[in-house]
Amino acid sequence: MKNILVISYSQTGQLNDILDCFLIPFKGVEIDRINIQPREEFVFPWISSVFFDTMPETVLEEKIDLMPYDFRANSYDLIILGYQPWFLSPSLPISSLLQDSKFLAVLNNTPIVTVIGSRNMWINSQISVVNRIESAGGRIVANVPFIDRHQNLLSALSILHWMLTGKKERKWGFLPLPGVSRKDIESAEVLAEPVTQALHKGDYLGLQERILKKKLVDIHPSILFIEMRAKRLFIFWANLIKRKSINTKKRNFWVAMYKYYLIFALFVVSPIVLAVYTLLVRPIIWSSIKKNKEHFLYLGIER
Ligand SMILES: Cc1cc2nc3c(=O)[nH]c(=O)nc-3n(C[C@H](O)[C@H](O)[C@H](O)COP(=O)(O)O)c2cc1C
């Protein structure tokens, strides 16, 4: 019997719902499922100041303590790593897991499928996750990202409302329901079918292509455009905040500066830049966008 490890973190339970659906086709497979927990829990709903204050350590991928966890086996036929991006980086519990020697040891020589439960920006975090998996001797064989498909600004507003109030509702009646839609969560079952077939055959070549053929996973060009530019700014702010934070008062001041910058960049600058880009630049560089999309959809995966 094949044995797999499914390891993940979920703060609100959204990623657990996605993984529950993803695991439906894994019949007759021994599943070791681990939900990791930080030693110091990230309280949900978030207090606004704590939410933004989490950025520097997340972006710099500083390790936090996790609650102890145990594997039922010494090795697995396949590992499914479920994670979410925070500030264009793997969430703190996940980047810490990816620096934990116990987990790194089990990754070695093992095929890995990443399942991402994001808002809509997962590329930068996946770059980091793939690098860490590859350095540990693991082999990425597929990546299945789930996103909120609503317009970027509407989805940013609705997820902020969800994160800061804990209410998964249509704020003001016109904002969309926050997070990955129920329909997309349920589609995880369909996306997992090629993974189970590959697991049983022990052959993962062509798996990502079969997943993408389902036409449920894609990268929107404007999201690609933002992701290609924004991470640098996050790293700049993370380092600036760390450097300037000689006491709590200073840290609070610089985190607030970053928060206002982020709101301004997201709601004022990005719509203007994106409009110019979409109308004037995108049509000219369409083939390079296509190449970039393909590159990120297959990141680290042998074809
Ligand atoms: C602090 C924080 C930062 C986030 N940053 C991003 C991000 O950069 N990109 C993104 O697509 N989603 C982002 N999200 C949304 C999460 O990836 C995720 O979809 C949401 O938190 C629900 O995940 P859960 O399963 O942990 O509850 C962020 C969420 C939090 C709490």
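Residues numbered from 1 in each chain as written. Predicted model: local features only at pLDDT ≥ 70, side-chain atom pairs only at ≥ 80, totals over all residues.

Novice: Explain the domain arrangement of the protein to me, using residue names and the numbers behind them.
Specialist: Under the domain assignment used here, the protein contains domain 1 (3–148 + 178–216) and domain 2 (221–292). Contact with domain 1, which involves twelve residues of that partner, is made by 13 residues of domain 2. Listed by contribution, the elements that provide at least two residues to the side of domain 1 that touches domain 2 are α2 (48–53), α3 (55–59) and α6 (123–135). When residues of the side of domain 1 that touches domain 2 are assigned to their parent elements, the largest contribution, three residues, is made by α3. Split into classes, the residues belonging to the side of domain 1 that touches domain 2 amount to nine nonpolar, two polar and one charged. (Domains from an automatic or database assignment. Contact = placed C-beta atoms within 7 Å. Helix = DSSP H or I, 4+ residues; strand = E, 2+ residues; numbered from the N terminus. Nonpolar A, V, L, I, M, F, W, Y, C, P; charged D, E, K, R; others polar.)

Novice: Describe the nonpolar core, naming the residues involved and giving the relevant values.
Specialist: Formed by 63 residues in total, the largest nonpolar core has its most connected members in Ile4, Ile18, Ile79, Ile80, Ile112, Val113 and Val115. Considering each element in turn, this core owes the most residues, six residues, to helix α9 (residues 188–201). Built from parts of two domains, this core gets at least three residues from each of domain 1 (3–148 + 178–216) and domain 2 (221–292). (Core = buried A, V, L, I, M, F, W, Y, C linked by C-beta atoms within 7 Å. Buried ≥ 20, exposed ≤ 12 C-beta atoms within 10 Å, placed from the backbone.)

Novice: Describe helix α12 (residues 248–281), listing the residues and the values that go with them.
Specialist: Roughly 40° is the biggest bend found in α12, and it falls at Val269, with proline Pro271 one to four residues downstream. For α12, every residue scored as buried is listed here: Val255, Tyr258 and Ser270. Lining the buried residues of α12 we find α2, α3 and α11 (221–244). (Bend = angle between axes of the 7 residues up to and from the residue.)

Novice: Please provide a residue-by-residue account of the pairing of strand β7 (residues 139–146), values included.
Specialist: When you tally the buried positions in β7, you get seven out of eight residues, the bulk of the element. Bridge count between strand β6 (residues 111–117) and β7: seven bridges; the pairing is parallel. Across the sheet, Gly117 pairs through a bridge with Phe146, a residue of β7. You can see the chain leave β6, run along α6 and come back into β7, and the turn it takes is right-handed. (Pairing = 2+ DSSP bridges. Right-handed = clockwise from strand over helix to strand, strands pointing away.)

Novice: Account for the sheet that holds β6, with residues named and values stated.
Specialist: Strand order across the open sheet formed by five strands is β2-β1-β3-β6-β7, with parallel pairing between neighbours. Taken across any chain shown, the strands that pair with only one partner, and hence form the sheet edges, are β2 (30–35) and β7. In this sheet, adjacent strand axes meet at a mean angle of 15° when their direction is disregarded. Sheet topology note: the strand β1 (residues 3–8)/β2 ladder contains six bridges and is parallel. Of the residues in β2, the one forming a bridge with Ser8 is Asn35. (Axes fitted to C-alpha atoms, helices over the stretch in contact; angles between N-to-C directions.)

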